[in-house]
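# Per-entry structural report
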Amino acid sequence: MNEQNRVYIKNKVSFLELKVPAFTSAAGIVLILLIWESVCRLGWVSPLYLPAPTAILLAAWDMIVQGELHANILASLYRIILGYIIGGMVGILVGLLLGFSKWADSIGTPIVYSIYPIPKIALLPLIILWLGIGELPKVAIIALGVFFPVVINTFSGVKNVDPMLIKAAVTFGSNRLNIIRKVLLPGSLPMIFAGLKLAAGTSLLLLVAAEMIAAKEGIGAMVLHYGNLMITTKLMVGVVVLSLLGLLFNRLLQWAESKLLPWK
Amino acid sequence: MRVVIDRVHKSFTDSKGKEVVALKDISFTIEKEEFVVLVGPSGCGKSTLLNIVGGLLSPTSGSVYFEGLEGKKEPNLGIVFQEIALFPWRTVYQNVVFGLEERGVSKKQQAEIARKYIDMVGLTGFESAYPKQLSGGMKQRAGIARALAIQPDLLLMDEPFSALDAQTRTIMQEELLSIWNQTRLSTLYVTHNIHEAVYLADRVIVLSRHPGQIKSIIHIDLPKFGRDRDEYRLKYEEYADQIWQLIRHDAQEALKEG
């Protein structure tokens, strides 16, 4: 045969396996920052409305040197971590119980579902009335906001555990407690993590809202304060810190997930 | 020690509220070191029966009991599931020791027993693999090791190889025989595969369907090992054919119902 008559078959789905170089992920962000910076430098927008990234960085450096930034960050971290842990733990426990016990399910699920749709921030005035104006109401509102997505996800996680595995555990001698500990908890862990990730966003939202309404310290209070003073650069520092906090939160959860779910 | 299945009867109510008899008047015994195979067409209730014997389902009437258990209150039951039912979050080793953990066996002893049975099923080297990383045959080996590790008084196997391809299945049957030879456990084995039944069983219990009842109990009068050798081929096929003739009509009916 003549070589020129050959028609070679090409892989028509090679786009599915396309490798993208690692730096492209960073390139998008860098590009946005560059455009932002040049728009500000060219004076197309007033720095009052949109300060340049470099100006924000300088302001941040100032606030770090003066110790203002970490005082606020620490106050916020304390509230969000405490609230998140309490809400998450109680949520997982209650979710396991609701999923495991038909009685608890029958009594508790309607209660959970009727409180769930209430925007938690609407409860803040009430909680302040109950718990005073200290740290407690802010921690409580975050815990409450975290509790619900975690409870509901844990519950459906437990319901989705293969009954075959429960049967297997029972035949190998597991009692009720061990079924929860060794089968239902690990089996619903993927769903629990989905709930925890959902709750991470909610907790950040509630943190800022609560701090704007009722706090002297914290990122939320800081953002509101500089907003009122129209010091936009310092306001933007707060916003950037929140974005970084969210990213960090997500990374931590991803790391914990990969550690706890090696079998996935 | 023997296991007695005594006039077991099981009925369900279907979605239309009609009563369906799944098992009717099932009585037989499993003797010490006996390998009993339940075979029947789909829908004959053989898995239901195995679940009742395994304590995972209550009979409507009748009972299952152990006779002559020495100084024990509760018999140990090792179950190998059709769905394998390994805990996906546990490694092979952790799965195998599960029943030992629940019995409060010391860590050191767990390791010893696990090593023995992991070796017996040919999984040495895969102790720290997760089920997801194993092939179907390997998974079921782990399932078998987990059931053996608790040194059960009765081993129950519910179509353990039905999800495997034909070649793996043949190998697993051979290995099961050699494992059985080392453990000599009383075994109740459920299958719909007639050749598998004749290959493994001391006695084959043939069930019919609608309602599921014992149609015939056939002693397989062949040496336990090497049934696939040429000299037994004829006898082997005769048994298989005898069972097939018993099941054939029911199997065709089952096919029509889908």
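This section reports on the structure supplied with the text. Residue numbers here run from 1 along each chain, matching the order of that chain's written sequence. In the order they appear in the text, chains get letters beginning with A and ligands get numbers beginning with 1. The model is predicted, so local features are restricted to residues of pLDDT at least 70 and side-chain atom pairs to those at 80 or more, both for listing and for counting; the totals for chains, interfaces and linings are taken over all residues. The side-chain figures draw on all heavy atoms in the structure; neither hydrogens nor water molecules are used.

### Concerning the overall build of chain B
The criterion, for reference: Strands are runs of DSSP state E lasting at least two residues, helices are runs of H or I lasting at least four, and both sets are numbered from the N terminus onward. Our radius of gyration is a C-alpha quantity, and the globule rule it is checked against amounts to 2.2 Å times the number of residues to the power 0.38. With a 1.4 Å probe rolled over the protein chains alone, any residue whose accessible area is under 20% of its type maximum counts as buried; one over 50% counts as exposed, and the rest are partly exposed. Between two residues, a contact is recorded if the distance between any of their heavy atoms is within 4.5 Å. Residue-level accessible areas treat just the shown protein chains as cover; the underlying method is Shrake-Rupley with a 1.4 Å probe. Under this rule, positive means Lys or Arg and negative means Asp or Glu; His and the chain ends count for nothing. Every charge is mapped to an atom, namely NZ of Lys, CZ of Arg, CG of Asp or CD of Glu.
When you go through chain B residue by residue, the secondary structure sums to eight helices and nine strands. For 258 residues, the compact-globule formula gives about 18 Å, and the C-alpha radius of gyration of chain B, at 19 Å, lands near that figure. Evaluated residue by residue, chain B yields a buried proportion of 52% over its 258 residues. Contacts in chain B between residues at least 24 apart in sequence constitute 70% of all its contacts with a sequence separation of at least 6. On chain B, roughly 11,900 Å² of surface is accessible, and the fraction owed to carbon and sulfur atoms is 48%. Side chains of chain B give 32 positive and 34 negative charges; the mean places of these two sets differ by 4 Å.

### Examining the sheet that holds strand S4 (residues 61-67) of chain B
Residue and element names in this part refer to chain B. What counts, and what does not: Paired strands, in this sense, are two strands between which DSSP finds at least two bridges. Geometry is summarised by axes, namely lines fitted to C-alpha atoms with helices restricted to the contacting stretch, and by angles between N-to-C directions that run from 0 to 180 degrees.
Strands sit in the order S2-S1-S4 across an open sheet of three strands; the sheet is antiparallel. Two strands lie at the open edges of the sheet, namely strand S2 (19-30) and S4, each paired on one side alone. The sheet shows a mean angle of 15° between the axes of neighbouring strands, direction not considered. Examined bridge by bridge, strand S1 (residues 2-13) and S2 share eight bridges and lie antiparallel to one another. Residue Phe-12 lies in a different strand from S2, and its bridge partner there is Val-20. Along the sheet face, helix H1 (residues 46-53) touches S1, S2 and S4 and points at about 120° away from the line of S1.

### Describing the packing of aromatic side chains
Test applied: Only Phe, Tyr and Trp rings are paired, with Trp represented by its six-membered ring, and only when their centres lie within 6.5 Å; those with planes under 30 degrees apart are stacked, over 60 edge-to-face, the remainder tilted. Our definition puts a charge over a ring when NZ of Lys or CZ of Arg is within 6 Å of the ring centre and also within 35 degrees of the ring normal.
Overall, the coordinates contain nine aromatic pairs over all chains when judged by the stated rule. An aromatic cluster is built from Trp-263 of chain A together with Phe-87, Trp-89 and Phe-98 of chain B, whose rings are joined through pairwise contacts. The cationic tip of Lys-224 of chain B hangs over the ring face of Trp-180 of chain B; the distance from NZ or CZ to the ring centre is 4.4 Å.

### Quick look at the pattern of salt bridges
How we decide: Put simply, a salt bridge is a Lys or Arg side-chain nitrogen that is within 4 Å of an Asp or Glu carboxyl oxygen.
Counted according to the given criterion, the structure contains 18 salt bridges over all chains. Glu-31 of chain B serves as the salt-bridge partner of Arg-2 of chain B, at 3.5 Å between the closest nitrogen and oxygen. On the criterion of sequence distance, the pair formed by Arg-2 of chain B in strand S1 and Glu-31 of chain B in the loop between S2 and strand S3 (35-39) is long-range, its members being 29 residues apart. One network of salt bridges, in which partners are shared, links Lys-182 of chain A together with Arg-90, Glu-101 and Glu-102 of chain B.

### Observations concerning helix H8 (residues 176-214) of chain A
To keep it simple, the criterion reads: Here, expected helix span is obtained from the residue count minus one, scaled by 1.5 Å. Throughout, the bend at a residue refers to the angle made by two axes, fitted to the seven residues ending there and to the seven starting there.
With 39 residues, H8 of chain A extends only 44 Å from end C-alpha to end C-alpha; this falls clearly short of the ideal 57 Å at 1.5 Å per step. Helix geometry: H8 of chain A is bent most strongly at Leu-189 of chain A, by close to 55°, with proline Pro-190 of chain A lying one to four residues after it.

### Quick look at the sheet that holds strand S5 (residues 77-80) of chain B
All names here are of chain B. The strand order across the open sheet formed by six strands is S5-S6-S7-S3-S8-S9, and the pairing between neighbours is mixed. Among the strands making up the open sheet, the edge pair consists of S5 and strand S9 (213-219). Each adjacent strand pair in this sheet contributes to an overall mean axis angle of 20°, direction not counted. As defined by bridge partners, S5 adjoins strand S6 (residues 154-158) across four bridges and the pair is classed as parallel. Looking at the pairing, Val-80 lines up with Met-157 of S6. In the packing of helix H6 (residues 166-183) onto the sheet, contacts are made with S3, S6 and strand S7 (186-191), and the angle to S7 comes to roughly 165°.

### Overview of the packing of H8 of chain A against helix H9 (residues 219-228) of chain A
Residue and element names in this part refer to chain A. Selection criterion: Each angle receives one of four descriptions, namely roughly parallel if under 35 degrees, roughly antiparallel if over 145, roughly perpendicular if within 65 to 115, and oblique otherwise. We call a crossing left-handed when the near helix sits turned anticlockwise from the far one by less than a right angle, and right-handed when that turn is clockwise.
Two elements in contact, H8 and H9, have axes whose closest approach is 7 Å; the angle formed by their N-to-C orientations is 55°. Judged by the angle between their axes, H8 and H9 are oblique. Considering the relative orientation of H8 and H9, their crossing is right-handed. Facing Val-208, Glu-211 and Met-212 of H8, the residues of H9 in contact are Ile-219, Gly-220, Ala-221, Val-223 and Leu-224.

### Comments concerning the interface of chain A and chain B
For clarity, the cut-off: Note on definitions: buried area is the accessible-area loss of two parts on being combined, 1.4 Å probe, summed for both. Two N or O atoms count as a polar contact when they lie within 3.5 Å, although within protein this holds only if one can serve as hydrogen donor and the other as acceptor, and sequence-adjacent residues are included solely when both atoms are side-chain atoms. Amino acid classes used here: Ala, Val, Leu, Ile, Met, Phe, Trp, Tyr, Cys and Pro are nonpolar; Asp, Glu, Lys and Arg are charged; the rest, including Gly, are polar.
Between chain A and chain B, the residue contacts involve 18 residues of the former and 22 residues of the latter. Across the chain A to chain B interface the summed buried area is about 1,800 Å²; carbon plus sulfur atoms make up 70%. When the area that chain A buries against chain B is broken down by residue, the three leading residues are Phe-172, Lys-182 and Trp-263 of chain A, summing to 42%. Run the count over chain A and chain B and you get two salt bridges. For the salt bridge of Lys-182 of chain A with Glu-102 of chain B, the shortest nitrogen-to-oxygen distance reads 2.5 Å. The tally of links from chain A across to chain B stands at seven residue pairs in polar contact (both at pLDDT 80 or more). Looking at the side of chain A that touches chain B, the elements with two or more residues in it are helix H7 (163-171) and H8 of chain A. No other element matches H7 of chain A, which puts six residues into the side of chain A that touches chain B. Looking at the side of chain A that touches chain B residue by residue, the classes come out as nine nonpolar, six polar and three charged.

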